[in-house]
Amino acid sequence: MELVIATRNRKKNEEMKRILEGLPVSFYTLDDFPDCPEVIEDADTFKGNAAKKAFAVSGYTKKPAISDDSGLEVYALNGAPGVFSARYAGEGADDVNNLEKLLSEMRDITKGKRGARFVCCIALAFPDGKAAAFEGYVEGSIGRDPKGSNGFGYDPVFYPKGYNKTFAEMTAQEKDSLSHRAMALKAFREYIVRLFRPKPSK
Ligand code: IMP
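For clarity, every value in this text was computed on a predicted model and none was experimentally measured.

Draft legend 1. Here's a closer look at the site of the ligand. Taken together, the neighbourhood of the ligand is formed by 15 residues, with Lys12, Ser70, Asp155, Lys175 and Arg181 sitting nearest. Between a nitrogen atom of the ligand and a side-chain N or O atom of His180, the distance comes to 3.1 Å. One nitrogen or oxygen atom from the side chain of Arg181 is found 2.8 Å from a nitrogen atom belonging to the ligand. Compared with its free state, where it exposes 490 Å², the ligand has 92% of that area covered by protein. Contributions of two or more residues to the shell around the ligand are made by β3 (65-74) and α5 (180-196). In terms of residues, the shell around the ligand owes the most to one element, β3, which gives three residues. Here the residues of the shell around the ligand sort into four nonpolar, five polar and six charged.

What follows is the structure in structure tokens.
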């Protein structure tokens, strides 16, 4: 099976390929389709955005495509930054701007009330219009200062539940064993394995 990973985020691409290693799949990325039009992520759910991107890329490339939409939901901020995670500090904001804005919004939130979760939705779209979606979550809390230099995005302030280090202080393998993206990709992986499993003869 051929599969286009519909993201231009290099780190996400690497995470996805690492987690899906060993599947009978030849991977393409958007670098293989430099003229593929950008998709505006304007849906109000992770699933809506992921599906929009996967359908657009599958339609353009005529190959199955997976896309993920993910983000951070902080309970004390009523789920913000949510689908706006990548542009929380405004259009064109980078990871540092977004993280600074989050810490500033959470300045007055006390220790026991800093709960949050990362959410990931992976959508798979086929050129014939079929589709499926897979979700993953990781619960945790938001620290007061950035710690660690691995990963990306909000990793330096996110403490997964049960750990006293942030995602950015973990190795890629440690993060992969816990992360929302890994959980969603695991469900996706199981779906692909089922698809290729020989059907029992009657
Ligand atoms: P998108 O899924 O590319 O729209 O971006 C989601 C945004 O959510 C990223 O730019 C990050 O700010 C944040 N995010 C999603 N997953 C992670 C993660 O694993 N670690 C840290 N931040 C993340």
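Draft legend 2. Inspection of helix α1 (residues 10-20) at higher detail. If you check which residues of α1 are buried, you get Lys12, Asn13, Glu15, Met16, Ile19 and Leu20. Projected down its long axis, α1 shows its buried positions confined to an angular sector of 165 degrees, all on one face. Lining the buried residues of α1 we find β1 (2-5), β2 (26-29), β3, α4 (172-176) and α5. Of the residues one or two after α1, Gly22 is the one with positive phi, at around 95 degrees.

Draft legend 3. Geometry of the packing of aromatic side chains. Across all of its chains, the model carries six aromatic pairs by this definition. Look at Phe158 and Phe167: their rings are 5.2 Å apart centre to centre, the planes differ by 45 degrees, and that puts the pair in the tilted class. Here the two residues Phe158 and Phe167 agree in accessibility, since each one is buried. Chaining the aromatic ring pairs together yields one cluster made of Phe118, Phe158 and Phe167. Between the NZ or CZ atom of Lys63 and the centre of the ring of Tyr28, over which it lies, the distance is 4.9 Å. A cation over an aromatic ring shows up here: Lys101 above the ring of Tyr88, its NZ or CZ 4.8 Å from the ring centre.

Draft legend 4. Summary view of the sheet that holds β2. The six strands are arranged β2-β1-β3-β4-β5-β6 in an open sheet whose pairing can be described as mixed. The two strands at the open ends of the sheet, each matched to only one other strand, are β2 and β6 (158-160). On average, each strand axis in the sheet is inclined to that of its neighbour by 35 degrees, with strand direction left out of account. As paired elements, β3 and strand β4 (residues 115-125) share 10 bridges and run antiparallel to each other. The residue of β4 that forms the bridge with Leu72 is Phe118. Contacting β1, β2 and β3, α1 runs over the sheet at an angle of about 115 degrees to β3.

Draft legend 5. A look at the pairing of β3. With 10 of 10 residues buried, β3 is to be regarded as a mostly interior element. Across the two faces of β3 the burial is the same, with Ala65, Ser67, Asp69, Gly71 and Glu73 and Ile66, Asp68, Ser70, Leu72 and Val74 all buried. Where β1 and β3 come together, two bridges link them in parallel fashion. Among the inter-strand pairings, Ile5 is bridged to a residue of β3, identified as Ile66.

Rules used in this analysis
- Residue indices follow the written sequence of each chain, beginning from 1 at its first position.
- Only residues with pLDDT of 70 or above have their local features reported here, since the model is predicted, and side-chain atom pairs are shown and tallied only from 80 upward, although totals for entire chains, interfaces and linings are computed over all residues.
- No hydrogens and no water enter the side-chain calculation; it runs on all heavy atoms of the structure.
- Each residue is tested against the molecule or strand, and it is near if at least one of its non-hydrogen atoms lies within 4 Å.
- Each polar contact in these results corresponds to two N or O atoms within 3.5 Å; when the atoms are within protein, one needs to be able to donate a hydrogen and the other to accept it, and residues that are neighboring in sequence are counted only if both atoms are side-chain atoms.
- To be clear on the numbers: accessible area is Shrake-Rupley with a 1.4 Å probe, and residue cover counts the displayed protein chains and nothing else.
- Think of it this way: any DSSP run of H or I at least four residues long counts as a helix, any run of E at least two long counts as a strand, and we number them from the N terminus.
- Throughout, the ten residues Ala, Val, Leu, Ile, Met, Phe, Trp, Tyr, Cys and Pro are labelled nonpolar, Asp, Glu, Lys and Arg are labelled charged, and all others, Gly among them, are labelled polar.
- Accessibility here uses a 1.4 Å probe with only protein chains present; expressed as a share of the type maximum, an area under 20% marks a residue as buried, one over 50% as exposed, and anything in between as partly exposed.
- The directions considered for the arc are those from the helix axis to the C-beta atoms.
- Whether two residues touch is decided by their heavy atoms; if any such pair falls within 4.5 Å, the residues are in contact.
- Two aromatic rings, drawn from Phe, Tyr or Trp (for Trp, its six-membered ring), form a pair once their centres lie within 6.5 Å of each other, and the interplanar angle then sorts them: stacked below 30 degrees, edge-to-face above 60, tilted otherwise.
- By definition here, charges over rings are those cases where NZ of Lys or CZ of Arg is within 6 Å of the ring centre and within 35 degrees of the ring normal.
- When DSSP finds at least two bridges between two strands, those strands are taken to pair.
- Under this scheme, a helix contributes an axis fitted over its contacting stretch, all axes are lines through C-alpha atoms, and angles between N-to-C directions fall in the 0 to 180 degree range.

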